[in-house]
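Single-letter residue listing:
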Amino acid sequence: MKRLIHILYISVIMPLLMSSCHDIPTMPDNSRGNFEALWTIINEHYCFLREKGIDWDSIHTVYSHRIAEDMTRQELFNVLASMLEELKDGHTNLSSPWETSYYRQWWSDYPQNYDSRIIEQYYFNFNYRQLGSIRYGVVADNIGYIGYPTFASSIGDGNLDAILSYLATCNGLIIDIRDNGGGDLTGVERLVGRFTTEQILAGYMVHKTGPGRDDFSSPFPYYFKPAPQGRMMWTKPVALLTNRSTFSAANNFVAVMQYLPQVIIVGARTGGGSGMPFSSELPCGWGVRFSACSLLDAKGNTTEWGIDPTEGCQMDLDPEAALHGHDTILDFAIQQLSE
Amino acid sequence: MSRLRLTAILLMLLLISPAQAQDRPVLSAFTLGIGSSHIADTYLTPLKYEGWSVAAGYERMQAFKPSADSWITRLYITGELNRSINPAGNARMWGFELSASWGFIRRYSLPYGIKLGIGPALSARGGCLYNSRNSNNPASAKAAITADATAFAAWNTHIGSLPITFRYQPTIPVIGAFFSPCYDELYFEIYMGNRRGLVHPAWWGNRFELNQLVTLDLHLGSSSLRLGYDSSWMSSRVSNLTTRIITHRFVIGWTSEWLSSEHKKATTNRANINSALY
C-alpha cells in the first residue's frame with residue numbers, strides 16, 4: 001500500500017507540482033483579454049521601449065479606457081493597431097483575417113526620392129539586363145548600375161558572379177537600394193562578401209534576455225567573411241543610393257557597407273528598422289510582429305532611426321529634373337564615381 | 001588498491017552467477033501509437049496548442065548475461081510527430097522528436113508471476129517545434145541528454161487460457177543537460193556564432209519529465225499482441241522560456257522473443273529460458 005502511494009505520488013502529484021512551477025499565464029479571448037495579451041507581449045519582448053523613450057505603462061492607461069466588452073472586433077483591432085503605432089516601428093504589425101496594421105510614417109512623411117521608371121526609360125532606354133528582381137547595366141561614364149530592390153528573394157553566388165563579370169570593366173559601381181524594404185540577412189552577408197577581401201566586423205546583436213525592460217544580452221559581435229576564393233569581387237569605388245524606404249535588411253546592408261573605404265552613401269537617410277522582428281499571437285488568433293533583437297552597427301551605434309548618407313552626399317531627388325528624365329541622386333553618384 | 005579489489009570481487013560475483021547457463025531471449029516490440037498532444041512553447045507563442053500525436057517505437061529487453069537472474073537491459077527508441085493548433089484554430093504547430101533510452105534494471109521476481117524492476121537509464125532525445133505562422137522565430141529546437149530513473153511492475157497471468165503480461169513502466173529523467181535558445185534570441189545569432197547560454201544543466205527544478213508506459217501483451221503462440229497506453233509529460237523553464245509538451249497515446253504493437261539459432265538448438269527446456277519480462 002505504501003508503495004502504491006509512492007507510485008501515485010510520483011506519477012500524478014509530482015508532475016502537477018513541477019509543471020505548476022512552469023506556469024504559462026493565459027488571457028481570455030475577449031476584448032480585455034486580447035488587449036492585455038498584446039500589451040504584455042510588447043511589454044516583455046519589445047526591444048526599443050527604453051531607447052525610444054516610450055512610457056508603455058501610461059500607454060496601457062490611455063488605451064485601457066478605450067476597451068469595452070461590447071466593442072466589435074473591428075473596433076478592437078483599431079484600438080490595438082493604434083496602440084502599436086505608438087512604437088513608431090515599421091517592423092510592428094497586427095494581423096487579423098481582414099487587415100494588417102502598418103506604421104507608415106517612417107517613410108510616408110518624407111519625399112520618396114525614387115522613380116524606377118526614370119532610370120529604366122531615360123538611363124537605359126529599357127535596355128537593361130534583368131535577373132529576377134535585379135536590374136543591371138552600364139550608365140554614363142562607364143559606371144555600372146545595379147538596381148537591388150529586395151533582399152527577400154535569394155540570389156545565388158553564380159548570379160552575383162554573372163552580374164559583376166558583366167560590369168567588371170566599369171570604373172565604378174552604383175548599387176541602388178532605394179525602395180529596398182529588406183529581406184534576409186543571409187542575402188546581405190552574401191552581397192557584402194563581394195566588396196571586402198578580409199573578414200570585417202559587421203556589427204553587434206543585442207537580444208532581450210527576459211521580460212524586464214532592461215533585460216538585454218551583452219552586444220555580440222558578428223562578422224562577415226569575403227566571398228570564397230574564385231568568386232568575382234569588386235574593389236573599385238561603390239556608391240549606394242538610399243532613400244527612406246531603404247529599410248530593415250537593406251538598412252543593415254548600408255550599416256555594414258558604410259565603413260568600407262571605397263563606399264559612399266548617396267541620397268537620403270535610410271528608413272531604419274534595425275530591430276529583428278519576432279512573431280507572437282493573441283488569444284483571438286491575430287498575429288503580432290514586433291522588434292525583439294536590436295542590430296547595432298560596427299561602432300555600436302543603433303541604426304533604428306536610419307543611417308545618414310556620407311557627408312556632402314545627402315540630397316533629395318529634384319522633382320522638376322525628374323520631369324525631364326533626370327534622377328539627380330543617380331546623376332550625383334555618377335559624378336562622384338567619375339571624378 | 002581497495003577499489004580495484006572491490007571491482008574484482010564484483011566481477012567475480014557476476015561471472016560465477018548460475019544464470020550464465022541460461023538462455024536469454026531478446027524481447028523485441030514494435031509499436032505504433034496515436035493520441036493527443038498538448039503543447040506550449042513561449043519562444044514561439046504564449047498560447048497553448050492542442051492536436052494529435054503519432055509515434056512509432058521499438059523496445060528491446062534482455063536479461064543481462066553476467067547476472068541474468070537479477071539484471072536486465074532495456075533499449076527503447078521512439079519517434080513521434082505532433083500536429084497541434086492554437087485555440088483560435090488559425091495557426092499550426094508541428095513537433096517531432098526522436099529519442100533513445102538505454103536502461104540497466106535490477107529485476108525482482110516475486111510469487112504469482114509478478115516481476116518488479118528498478119534501475120538507471122541513459123537517454124538522448126532531439127527534435128523541434130515548428131510554428132508555421134512565425135517569421136524570424138519559426139522553430140524551437142529541442143535536445144536533451146539525461147540520466148533517468150526507470151522502474152516497472154509486470155504481472156504474468158492468464159485471461160482464461162490466454163497468457164498475458166500486464167506492465168506499468170514509468171521513467172523519470174533525474175539529471176542531465178538540455179538545449180534551449182535564449183529568450184528572444186534569433187537562430188541567426190546562433191548561426192553567426194553566439195553559442196552562449198544554450199546548454200543548461202537539467203534538474204527537476206528547470207526540467208521535469210515523466211514518461212509512462214502501460215502495456216498488455218496477449219501471448220498468441222510464439223508472438224504477442226501488445227496493447228497499451230503511453231504518455232509523456234515534459235515541462236521546462238529556462239532563460240525565461242517555458243515549454244510544455246504533453247502527449248497521450250494508445251499503443252498497438254507486436255512483440256516476440258527470439259534466440260540466436262545457436263541457442264535454439266541447445267534449448268530443450270523452457271525452464272532454461274530467462275525472459276526479461278515474461
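Cut-off values and rules
- Residues numbered from 1 in each chain as written.
- Chains lettered and ligands numbered in written order.
- Predicted model: local features only at pLDDT ≥ 70, side-chain atom pairs only at ≥ 80, totals over all residues.
- Helix = DSSP H or I, 4+ residues; strand = E, 2+ residues; numbered from the N terminus.
- Buried ≥ 20, exposed ≤ 12 C-beta atoms within 10 Å, placed from the backbone.
- Pairing = 2+ DSSP bridges.
- Right-handed = clockwise from strand over helix to strand, strands pointing away.
- Core = buried A, V, L, I, M, F, W, Y, C linked by C-beta atoms within 7 Å.
- Contact = placed C-beta atoms within 7 Å.
- Axes fitted to C-alpha atoms, helices over the stretch in contact; angles between N-to-C directions.
- pLDDT = per-residue confidence, 0-100.
- Nonpolar A, V, L, I, M, F, W, Y, C, P; charged D, E, K, R; others polar.
- Left-handed = near helix turned anticlockwise from the far one by under 90°.
- Expected span 1.5 Å × (residues − 1).
- Arc of directions from axis to C-beta.

This part is about the overall build of chain A. Secondary structure assignment for chain A yields eleven helices and eleven strands. Considered along the principal axes of its C-alpha atoms, chain A spans approximately 90 × 50 × 30 Å. Going through the 339 residues of chain A one by one, you find that 44% of them count as buried.

On to the overall build of chain B, then. Of the regular secondary structure elements, chain B holds three helices and eleven strands. Order of helices (α) and strands (β) in chain B, N terminus to C terminus: α-β-β-β-β-β-β-β-α-β-β-β-β-α. Out of the 278 residues belonging to chain B, those deemed buried represent 41%.

Right, let's talk about the pairing of strand 4 (residues 143-147) of chain A for a bit. All names here are of chain A. A large share of strand 4 lies buried, amounting to five of its five residues. Because side chains alternate across strand 4, one face comprises the buried residues I143, Y145 and G147, and the other comprises G144 and I146, equally buried. Counting the residues between successive antiparallel strands, the hairpin from strand 3 (residues 134-139) to strand 4 contains three residues, one of them, D141, with a positive phi of roughly 60°. Pairing of strand 4 with strand 5 (residues 172-176) involves five bridges; the strand directions are parallel. Its bridge partner being in strand 5, I146 is matched across the sheet by I175. Handedness of the crossover is the feature at issue here: the chain leaves strand 4, passes through helix 7 (residues 157-166), returns alongside strand 5, and the resulting connection is right-handed.

Core analysis: the largest hydrophobic core is formed by 78 residues, its most contacted members being L80(A), I174(A), A239(A), L240(A), L241(A), F253(A) and A333(A). For this core, the element with the most residues is helix 9 (residues 249-257) of chain A, which contributes seven residues. Sequence-distant contacts of L80(A), defined by excluding residues within four places in its chain, comprise F35(A), L38(A) and L94(A). Core analysis: the next-biggest nonpolar cluster, separate from the first, contains 18 residues, M234(B), L241(B), I245(B) and I246(B) among them.

Before going further, it helps to spend a moment on the sheet that holds strand 8 (residues 238-242) of chain A. Residues and elements named next belong to chain A. Spatially, the six strands line up as an open sheet ordered 2-3-4-5-8-9, and their pairing is mixed. If you trace the sheet from one side to the other, it starts and ends with strand 2 (129-131) and strand 9 (263-267), each paired once. Taken pair by pair, the neighbouring strands of this sheet meet at an average axis angle of 20°, ignoring direction. With three bridges connecting them, strand 2 and strand 3 associate as antiparallel partners. Bridge pairing links L131 to I134 in strand 3. Lying on the sheet, helix 7 is in contact with strand 2, strand 3 and strand 4; it crosses strand 2 at an angle near 165°.

Attention now moves to the confidence of the model for chain B. Should pLDDT be low for a region, the predicted coordinates there are not to be read in detail. For chain B, per-residue confidence averages 90 on the pLDDT scale, and 88% of positions sit at 70 or higher. Counting interchain partners and residues more than four positions distant, the pLDDT-below-50 stretch residues 11-20 of chain B has 13 contacts.

Residue-level contacts link 38 residues of chain B with 36 residues of chain A. If you list the elements that add at least two residues to the side of chain B that touches chain A, you get helix 2 (187-191), strand 9 (207-220), strand 10 (223-238) and strand 11 (241-258) of chain B. Per-element accounting of the side of chain B that touches chain A gives the leading share, four residues, to strand 10 of chain B. Split by residue class, the side of chain B that touches chain A holds 16 nonpolar, 15 polar and seven charged.

Within helix 9 of chain A, nine of the nine residues are buried, which leaves it mostly tucked inside the rest of the structure. If you follow the buried residues of helix 9 of chain A, they end up packed against helix 8 (185-192), strand 6 (200-207), strand 7 (220-224), strand 8, strand 9 and strand 11 (287-296) of chain A.

All names here are of chain B. Pairing geometry for strand 1 (residues 26-41) and strand 11, over 16 bridges, is antiparallel. Within the sheet, the bridge partner assigned to A29 lies in strand 11 and is T255. Sheet analysis places strand 10 next to strand 11, joined by 16 bridges and oriented antiparallel. Residue pairing across strands places L225 opposite W254, the latter belonging to strand 11. If you look at the hairpin formed by strand 10 and strand 11, you'll find two residues sitting between the two strands, and S239 has a positive phi there, around 55°.

Moving on: the packing of helix 8 of chain A against helix 9 of chain A. Residue and element names in this part refer to chain A. Interhelical geometry of helix 8 versus helix 9 gives an angle of 35° and a closest axis separation of 9 Å. Taken as a pair, helix 8 and helix 9 cross one another with a handedness that is right-handed. Counted together, L185, G187, V188, L191 and V192 of helix 8 and A249, N252, F253, V256 and M257 of helix 9 form the full contact between these two elements. In terms of residue class, the contact of helix 8 with helix 9 is built from eight nonpolar, two polar and no charged.

Of note in the backbone geometry, D141(A) takes a positive phi value of approximately 60° without being a glycine. Within the fold, D141(A) resides in the loop between strand 3 and strand 4. In this model, Y112(B) sits at a positive phi of 65°, which is unusual for a non-glycine residue. Following the sequence through the fold, Y112(B) ends up in the loop between strand 4 (92-110) and strand 5 (114-131).

Take helix 4 (residues 73-85) of chain A next. Residues and elements named next belong to chain A. For helix 4, with 13 residues, the first-to-last C-alpha span of 18 Å sits near the 18 Å given by 1.5 Å per residue. All of the buried residues along helix 4 are L76, F77, V79, L80, M83 and L84. Mapping the buried residues of helix 4 onto a view down its axis gives an arc of 165°, with all of them on the same face. If you follow the buried residues of helix 4, they end up packed against helix 2 (31-45), helix 3 (56-64) and strand 1 (93-95).

All names here are of chain B. Turning to its location among the elements, T150 is positioned in strand 6 (residues 139-159). Sequence-wise, T150 and L44 are 106 residues apart; in three dimensions their C-alpha atoms are separated by 32 Å. The contact partners of T150, leaving out residues within four places of it in the chain, are G103, I105, G119, A121, Q169 and T171.

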